[in-house]
Amino acid sequence: DAAFCVEAIEHALNPEVAVAELCRVVRPGGRVLVIDKRLERQASSDCEPWERWFTRDEVKEWLAPFCESVETAEVSHGRGATGLFLA
């Protein structure tokens, strides 16, 4: 019925394929939730150089072929980190 992925896509060798696999395992009409860091906030965080952060448009593009609709929202992570994540 649903699949979710939290802070894992940034570690994938091929994030587009990882998102496609999430969508593949969900029944038609099910839901997929991806929560990961947004590229626009990368400069505000101390992160490893191998981490890949994403734009809203990238993630929407990966989901669009599999989903009837795609919605995105900024998600806060504690105090002072407004919009660090994208869901």
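Predicted model only: the values in this text are computed from it and were never measured. (Residues numbered from 1 in each chain as written. Predicted model: local features only at pLDDT ≥ 70, side-chain atom pairs only at ≥ 80, totals over all residues. Heavy atoms only, no water.)

A. Geometry of unusual backbone geometry. For Glu7, which is not a glycine, the phi torsion comes out positive at approximately 50°. Tracing the backbone shows Glu7 in the loop between β1 (2-6) and α1 (15-24). (Helix = DSSP H or I, 4+ residues; strand = E, 2+ residues; numbered from the N terminus.)

B. Molecular detail of the pairing of β1. Every second residue of β1 is oriented toward a common face, the buried set being Ala3 and Cys5 and the non-buried set Ala2, Phe4 and Val6. Bridge analysis of β1 against strand β2 (residues 31-37) gives five bridges, and the strand direction is parallel. Paired with Phe4 across the bridge in β2 is Leu33. (Buried < 20%, exposed > 50% of the residue type's maximum accessible area, 1.4 Å probe, protein only. Pairing = 2+ DSSP bridges.)

C. Spatial organisation of the confidence of the model for the protein. Across the protein, the average pLDDT comes to 84, with 82% of residues at 70 or higher. Averaged pLDDT values for the elements of the protein fall to 78 in strand β4 (residues 85-86) and rise to 94 in α1. (pLDDT = per-residue confidence, 0-100.)

D. Quick peek at α1. Of all the positions in α1, only Pro15, Val19, Leu22 and Cys23 are classed as buried. Projected down its long axis, α1 shows its buried positions confined to an angular sector of 95°, all on one face. Of the exposed residues in α1, the ones pointing more than 90 degrees away from its buried face are Val17 and Arg24. On its buried side, α1 packs onto β1, β2 and α2 (56-63). (Arc of directions from axis to C-beta. Contact = heavy atoms within 4.5 Å.)

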